[in-house]
Amino acid sequence: MRFAAFIFFMLFSFACYSQSSFTGYNDPSFKENMLSVQNKYRAEVGVPDLVWSDSLAKESMKWAEHLADINTMKHSETSAGENIASGVNVDYATLVDISWGKEKSDFVYGAFPDCSKSNIWQHVGHYTQMIWKNTTEVGCAVAKKKDKAFLVCRYYPAGNFMGEKPY
């Protein structure tokens, strides 16, 4: 009986673990794509490119894994800036465009939080974090649960400060 229970436990554990897969952040093409897509938006407003931070990417990986484990989107309590997104069967650069870049259409230049056509800063907060003039570093990671990807990018220094303009 104990042996059967042990086998059941091992199979159950394997099945649960195999539902989540973690995608590393050290892939050079992933880094290049994440920098390229975000620096495209920064170039449009004339701010310097972001550079990759391995330490921010490692932090992002931990949070992405957590989001995949709980299968829920929520921000962490990091002091770094943070953008999160999720999607099914989409490449990660496209996910940045459709999740954060699309917020550009609601953006109006002004001091944060008065920088949204809708007067709701949350409609542009991911976009403004990407283009924030004082932000110099980014690190991103992805974790997957089944076919759903959880993308996390952390930024240093953080942006979106009340009363400051993004650039």
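Residues numbered from 1 in each chain as written. Predicted model: local features only at pLDDT ≥ 70, side-chain atom pairs only at ≥ 80, totals over all residues. Heavy atoms only, no water.

## Focus on the state of the cysteines
- All told, the structure shown has one disulfide when counted by the stated rule.
- In this model, C140 is linked to C153 through a disulfide, with the two sulfur atoms separated by 2.1 Å. Around the S-S axis, the bridge from C140 to C153 shows a dihedral of about 110 degrees and counts as right-handed. With C140 in strand β4 (residues 137-145) and C153 in strand β5 (residues 148-156), this residue pair connects regions lying 13 residues apart in the sequence. (Disulfide = S-S within 2.5 Å. Helix = DSSP H or I, 4+ residues; strand = E, 2+ residues; numbered from the N terminus.)

## Description of unusual backbone geometry
- A cis amide bond links F112 with the next residue in sequence, P113, at an omega value of 15 degrees.
- Relative to the elements of secondary structure, P113 occurs in the loop between α4 (92-99) and α5 (125-131).
- With an omega of -15 degrees, the peptide bond running from Y156 to P157 counts as cis.
- On the secondary structure map, P157 appears in the segment after β5.
- The phi dihedral of N89 is positive, around 50 degrees, even though this residue is not glycine.
- Position of N89 relative to the elements: it lies in the loop between β3 (81-88) and α4.
- Judged by relative accessible area, N89 falls into the exposed class, the value being 67%. (Buried < 20%, exposed > 50% of the residue type's maximum accessible area, 1.4 Å probe, protein only.)

## Focus on the pairing of β3
- Within β3, six of the eight residues are buried, leaving the element largely enclosed by the surrounding structure.
- As judged from the eight bridges shared by β3 and β5, these two strands associate in the antiparallel manner. Counterpart to I84 in the pairing with β5 is V152. (Pairing = 2+ DSSP bridges.)

The quantities given are spatial measurements derived from coordinates; they are silent on function.
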